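Fold and geometry: a report
Each chain, letter by letter, is given below.
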Amino acid sequence: MANFILIGLCIIAGILFRKSKTLPKDAHKGINAWIIYIALPATSFKYLPHISWSNELLFPALTPICVWLLGWFFVTFYAKFSNISRATSGGLKLVSSLSNTSFIGFPLIIAYFSEKEIATAIICDQVTFTLLSTIGIVVAIRSSQQQKLSAKLVFKKVLTFPPLLGCILALILPRFINLSPLDVLFDKLSGTVGPLALFSIGLQLKFGGWFSEIKHISFALLYKLILAPLSILIIALILGMNGMITKITIFEMAMPTLLTAGVVADQYNLNPKVSNLVVGVGILLSFITTAIWWLVLTYSGLV
């Protein structure tokens, strides 16, 4: 319950600060820069060095990729039959296909399952961030009118995206250097991701004119909250997979949109209004849909 209250308070605080005009108009851009350049790399250093890898973790590692691919085809199909811009299409691909596996996912896993299951969630989380850092940036560049797409530009953007660099360094450096004295620092810095990202969303969240965008919002949330986890559940049943790792993986795919996906959509001007509405509304709805998914997983036969 405390986590639910914190999520709501962060978003509400952002909305109140925006309405009071206490902060500069573009204050969210500075907050987003902190998240991308400092907090997210610290999150990689906090978790990645402590993961014990095994073959069982292939499922949570591959599932976010599957959800991304299905989402990409889903949005592409939708775009062909809807009169939407390339920017809107790109924004929908980002906010429909990447799950909030950490700030919302971790607390809900603890609430519905147990804290020891966070290990599986971490795998989903790091793969999701890697997807955003690589193919997500490619989609953002292609969809944006700010820059012309080129192999050189894509290569540069991907390799200089701080969260990806953080993932790579977090996997390599601990093999040669003892970073444990910095664990407290990484813990404190990574702890700013959720509250600041939610506060940033609140600063940008405007419900005025939301009805005109209800079609796009509904479409994105239909896939993110219902169809994506349902697809993974069907795959698991077909393959005869069961056990707690399978349950946690499916539950993670039922999470609302990755907060940083909304941040990237804003940076590349991919219809940030729709993107942030999908993120904000998705978080509120997810409190209901994840409870339903917990019931489904409990009685689905995935022992």
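Anything mentioned here points back to the structure above.
Everything in this summary refers to the structure shown in the same document. All figures in this text were calculated on a predicted structure; none of them were measured in a lab.

Reading the values: the criteria
All residue numbers refer to positions counted from 1 along the written sequence of the respective chain. Local features in this predicted model are restricted to residues of pLDDT 70 or higher, and side-chain atom pairs are both shown and tallied only at a pLDDT of 80 or more, whereas totals for entire chains, interfaces and linings draw on every residue. Each side-chain value is derived from all of the structure's non-hydrogen atoms; neither hydrogens nor water enter the calculation. Orientation is described by lines fitted to C-alpha atoms, with helices fitted over the stretch in contact, and by angles between N-to-C directions that extend from 0 to 180 degrees. By definition, any uninterrupted DSSP run of H or I lasting at least four residues is a helix, any uninterrupted run of E lasting at least two residues is a strand, and each is numbered from the N terminus. When the near helix sits turned anticlockwise from the far one by under a right angle, the crossing is termed left-handed; a clockwise turn instead gives a right-handed crossing. Residue contacts are defined here by distance: any two heavy atoms, one from each residue, within 4.5 Å place the two residues in contact. Nonpolar residues are Ala, Val, Leu, Ile, Met, Phe, Trp, Tyr, Cys and Pro. Charged residues are Asp, Glu, Lys and Arg, and all others, Gly as well, are polar. Remark: exposure states derive from per-residue accessible area (1.4 Å probe, protein chains only) relative to the maximum for the residue type, with buried under 20%, exposed over 50%, and partly exposed in between. Centres within 6.5 Å are what make two rings of Phe, Tyr or Trp a pair, Trp counting through its six-membered ring; a difference in plane orientation under 30 degrees is then read as stacked, over 60 as edge-to-face, and the rest as tilted. Whenever Lys or Arg places a side-chain nitrogen within 4 Å of a carboxyl oxygen from Asp or Glu, that contact is recorded as a salt bridge. Only buried residues count toward a nonpolar core. Its members are Ala, Val, Leu, Ile, Met, Phe, Trp, Tyr and Cys residues joined through side-chain atoms within 4.5 Å.

Another aspect to go through is the packing of helix α3 (residues 58-80) against helix α4 (residues 86-97). α4 packs onto α3 with a crossing angle of 145° between their chain directions and a minimal axis gap of 9 Å. For the crossing formed where α3 meets α4, the hand is right-handed. Residues V67, W68, G71, W72, V75, T76, Y78 and A79 of α3 pack against S89, L92, K93, L94, S96 and S97 of α4. Looking at side-chain class alone, the contact of α3 with α4 contains eight nonpolar, five polar and one charged residues.

As for its position among the elements, S133 is in helix α6 (residues 118-143). On the accessibility criterion, S133 (0% relative accessible area) is buried. Measuring from C-alpha to C-alpha, the distance between S133 and L159 comes to 8.6 Å, with 26 residues separating the pair along the chain. Non-local contacts of S133, meaning those with residues more than four positions away in its chain, are made with V158, F161, P163 and L164.

If you walk through the whole model with that rule in mind, you get ten aromatic pairs. Between Y112 and F251, the aromatic rings sit 5.6 Å apart at their centres with planes inclined by 70°, giving edge-to-face as the arrangement. Linking Y112 in helix α5 (residues 105-112) with F251 in helix α12 (residues 244-253), this pair joins segments that are 139 residues apart in sequence. F251 sits in the buried class, given a relative accessible area of 0%. Three or more aromatic residues joined by ring pairs form one cluster here, namely F74, Y78, F219 and Y223.

Let us now look at the pattern of salt bridges. Counted by the stated rule, this structure contains two salt bridges. Residue K29 pairs with D266 through a salt bridge whose shortest N-O separation is 3.8 Å. Of this pair, K29 sits in helix α2 (residues 27-47) while D266 is found in helix α13 (residues 259-267), placing the two residues 237 residues apart along the sequence. Taking relative accessible area as the criterion, K29 reaches 41% and is therefore assigned partly exposed. Overall, the relative accessible area of 10% leaves D266 in the buried class. A salt bridge links K46 to D187; the shortest N-O distance between them is 2.8 Å. In this pair, K46 is assigned in helix α2 and D187 in helix α9 (residues 183-190), connecting sequence segments 141 residues apart.

Along the polypeptide, T290 turns up in helix α14 (residues 272-298). Residues within four places of T290 in sequence aside, it is in contact with L108, Y112, F251, A254 and M255.

A few words now on the nonpolar core. Residues L94, L198, L259, V264 and I283 are the most contacted members of the largest nonpolar core, which totals 92 residues. Of the residues forming this core, the biggest block, 13 residues, is contributed by α6. In this structure L94 touches W68, L132, G136, A140, T257, A261, V264, A265 and L270, once residues within four positions along its chain are discounted.

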